[in-house]
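One letter stands for each residue in the lines below.
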Amino acid sequence: MEKLIITAAICGAEVLKEHNPAVPYTVEECAREAKLAYDAGASIIHLHVREDDGTPTQSKARFEAVINAIRKACPDVIIQPSTGGAVGMTNDERLQPTELNPEMATLDCGTLNFGGDEIFENTENTIKYFGEKMIERGIKPELEVFDKSMIDMALRLNKKGYIKNPMHFDFVMGVNGGIGGDLRDFVFLRGSIPSDATYTVAGIGRYEFPLAMAAIIDGGHVRVGFEDNVYLSKGVLAKSNGELVEKVVRMANEMGRAVATPEETRRILGLKK
Ligand code: KMH
Ligand code: ZN
């Protein structure tokens with residue numbers, strides 16, 4: 001079994017300081033949270049950025065400032081900007097961080113309800129457009145799938161050349177509007193990807209740690225962080241993203257699964273630096 005890749009989704013676009021005061025907004029706060037996650041064992045930082053007041057933005061300049069600050073704090077960590085951004089942003093707005101030529105970025109593989117009247121829109125043409133941009137810029141996409149149908153879409157677009165092999169998926173499970181987070185849902189998704197593909201699992205809220213354990217046992221990889229869950233355990237807020245990563249490392253240790261360094265993660269995912 002390969003070593004375990006831990007991704008820390010430190011910030012997100014929806015979670016607020018009202019949910020957990022340690023949610024980072026400023027450049028300094030993002031660098032602090034990335035460093036705590038990295039020191040605990042995360043090799044990938046999944047990154048959204050905010051204005052200082054918490055408003056989500058996809059501004060290239062803001063991404064550049066945060067990436068530079070994270071690089072200073074943890075030079076070898078893999079930074080994976082979001083191209084999902086926040087609900088309602090345009091495609092070109094969302095793609096701005098890819099102009100910074102990161103090693104990886106997310107590629108969302110379908111449209112879903114996002115609570116209330118919100119719709120996170122990713123039409124087939126949007127996915128093709130994002131796929132082409134990432135191939136053009138040499139960026140490895142992490143394929144965000146919120147449902148089984150999104151795996152099917154990714155496989156179709158892979159056949160048409162918009163997404164390259166080997167594919168790397170993120171099963172985002174438990175979003176209100178997407179697939180649930182029960183073990184049978186995980187088994188369904190996990191059994192639906194090609195044998196040469198890799199995956200990580202991002203369980204939302206209470207699903208975070210049970211699904212992390214499933215992936216640890218199965219040979220998959222794990223994403224945790226404030227974007228997905230702000231609690232260390234029932235009713236106990238995590239003090240930092242680092243605490244969430246530490247918990248996954250403890251779980252992996254108990255199961256005898258070693259944790260990958262950034263260099264090992266680059267090899268496992270076939271990233272070129
Ligand atoms: N904030 C969501 C609308 C991604 O990072 O690619 C989209 C999202 C997915 O978080
Ligand atoms: Zn995200």
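Conventions used here
- Residues numbered from 1 in each chain as written.
- Chains lettered and ligands numbered in written order.
- Predicted model: local features only at pLDDT ≥ 70, side-chain atom pairs only at ≥ 80, totals over all residues.
- Heavy atoms only, no water.
- Helix = DSSP H or I, 4+ residues; strand = E, 2+ residues; numbered from the N terminus.
- Rg over C-alpha atoms; globule rule 2.2 N^0.38 Å.
- Buried < 20%, exposed > 50% of the residue type's maximum accessible area, 1.4 Å probe, protein only.
- Contact = heavy atoms within 4.5 Å.
- Near = heavy atom within 4 Å.
- Polar contact = N/O pair within 3.5 Å; in protein donor to acceptor, adjacent residues only side chain to side chain.
- Areas by Shrake-Rupley, 256 points an atom, 1.4 Å probe, with all protein chains shown as cover.
- Right-handed = clockwise from strand over helix to strand, strands pointing away.
- Donors = N, O, S within 2.8 Å, 3.2 Å for Na, K, Ca; no water.
- Phe/Tyr/Trp six-rings, centres within 6.5 Å; stacked < 30°, edge-to-face > 60°.
- Pairing = 2+ DSSP bridges.
- Core = buried A, V, L, I, M, F, W, Y, C linked by side-chain atoms within 4.5 Å.
- pLDDT = per-residue confidence, 0-100.
- Axes fitted to C-alpha atoms, helices over the stretch in contact; angles between N-to-C directions.
- Arc of directions from axis to C-beta.

Novice: Break down the overall build of the protein chain for me, citing the residues and quoting the values.
Specialist: A count of helical and extended segments in the protein chain gives nine helices and 14 strands. Expected size for 273 residues packed as a compact globule is a radius of gyration near 19 Å; at 17 Å, the protein chain falls within 12% of this value. Seen along its three principal axes, the alpha-carbon backbone of the protein chain occupies a region of about 45 × 40 × 40 Å. Residues classed as buried in the protein chain amount to 56% of the 273 residues present. In the protein chain, the share of contacts with a sequence separation of at least 24, taken over all contacts with a separation of at least 6, comes to 70%.

Novice: A description of the site of ligand 1 should follow, citing residues and the corresponding values.
Specialist: Taken together, 14 residues form the shell around ligand 1, and within it Glu14, Ser82, Gly85, Thr106 and Asp108 come nearest. Measuring from an oxygen atom of ligand 1, one finds a side-chain N or O atom of Ser82 at 2.7 Å. At a separation of 3.0 Å, an oxygen atom of ligand 1 approaches a polar side-chain atom of Glu227. Coverage of ligand 1 by the protein chains reaches 97% of its 300 Å² of free accessible surface.

Novice: Residues and numbers for the pairing of strand 10 (residues 168-173), please.
Specialist: Most of strand 10 is tucked away: six of the six residues are buried. Covered by surrounding structure in strand 10 are His168, Asp170 and Val172 together with Phe169, Phe171 and Met173, the residues of both alternating faces. Once you follow strand 9 (residues 140-145) into helix 5 (residues 148-159) and on to strand 10, the crossover reads as right-handed. In this view, the connection linking strand 10 to its parallel neighbour strand 11 (residues 198-203) by way of helix 6 (residues 183-190) has right-handed handedness.

Novice: Tell me what's going on with the coordination of the zinc ion (ligand 2), and back it up with residues and numbers.
Specialist: Looking at the metal site, the zinc ion (ligand 2) is ligated by His46 (NE2), His48 (NE2) and Glu227 (OE), spaced 2.1 to 2.2 Å from it. Each donor residue of the zinc ion (ligand 2) belongs to the same chain, and together they define the spacing H-x1-H-x178-E. Here the residue His48 occupies a position in the loop between strand 2 (44-47) and strand 3 (49-50), and Glu227 occupies one in the loop between strand 12 (221-224) and strand 13 (231-233), the gap between them amounting to 179 residues.

Novice: Describe the packing of aromatic side chains, and please don't skip the residues or the numbers.
Specialist: This structure, assessed with the given rule, holds five aromatic pairs. Geometrically, the ring pair formed by Phe114 and Phe120 is tilted, given 5.7 Å between the ring centres and 55 degrees between the ring planes. A relative accessible area of 7% places Phe120 in the buried class. Relative to Phe146, the ring of Phe120 has its centre 6.2 Å away and its plane inclined at 75 degrees; by these criteria the two rings are edge-to-face. Of the two residues, Phe120 sits in strand 8 (residues 119-120) while Phe146 sits in the loop between strand 9 and helix 5, which places them 26 residues apart along the sequence.

Novice: Pulling in residues and values, what's your account of the pairing of strand 2?
Specialist: Covered by surrounding structure in strand 2 are Ile44 and His46 together with Ile45 and Leu47, the residues of both alternating faces. Sheet analysis places strand 1 (residues 6-9) next to strand 2, joined by three bridges and oriented parallel. Residue Thr7 lies in a different strand from strand 2, and its bridge partner there is Ile44. For the crossover from strand 1 across helix 1 (residues 27-40) to strand 2, the handedness is right-handed. Examined bridge by bridge, strand 2 and strand 5 (residues 78-81) share four bridges and lie parallel to one another. Bridge pairing in strand 5 places Leu47 opposite Pro81.

Novice: A description of the nonpolar core should follow, citing residues and the corresponding values.
Specialist: Within the largest apolar cluster, 76 residues are counted, with the highest numbers of intra-cluster contacts made by Ile45, Leu47, Ile70, Phe169, Phe171 and Val245. Setting aside anything within four residues of it in sequence, one finds Ile70 in contact with Cys30, Ala31, Ala34, Ile45, Leu47, Val77 and Ile79. Formed by eight residues, the second largest nonpolar core is a distinct cluster that contains Ile5, Ile44, Ile78 and Ala260.

Novice: Which residues make up the confidence of the model for the protein chain, and what values do they have?
Specialist: Considering every residue of the protein chain, the mean pLDDT works out to 98; 100% of them sit at 70 or more. No element of the protein chain has a lower mean pLDDT than strand 7 (residues 112-113), which averages 97, and none a higher one than strand 1, which averages 99.

Novice: Break down the sheet that holds strand 1 for me, citing the residues and quoting the values.
Specialist: Ordered in space as 5-2-1-12-11-10-9-6, the eight strands form an open sheet in which the pairing is parallel. Where the open sheet ends on each side, the last strands, each with one partner, are strand 5 and strand 6 (104-108). Ignoring strand direction, the axes of neighbouring strands in this sheet form an average angle of 25 degrees. Sheet topology note: the strand 1/strand 12 ladder contains three bridges and is parallel. Residue pairing for strand 12: Ile6 is matched across the bridge by Val222. With respect to the sheet, helix 8 (residues 241-254) is in contact with strand 1 and strand 12, its orientation differing from that of strand 1 by roughly 155 degrees.

Novice: Please set out helix 9 (residues 262-269) residue by residue, giving values where relevant.
Specialist: Buried within helix 9 are the following residues: Pro262, Thr265, Arg266, Ile268 and Leu269. All buried residues of helix 9 project into a common sector of 165 degrees when viewed along the axis, lining one side.

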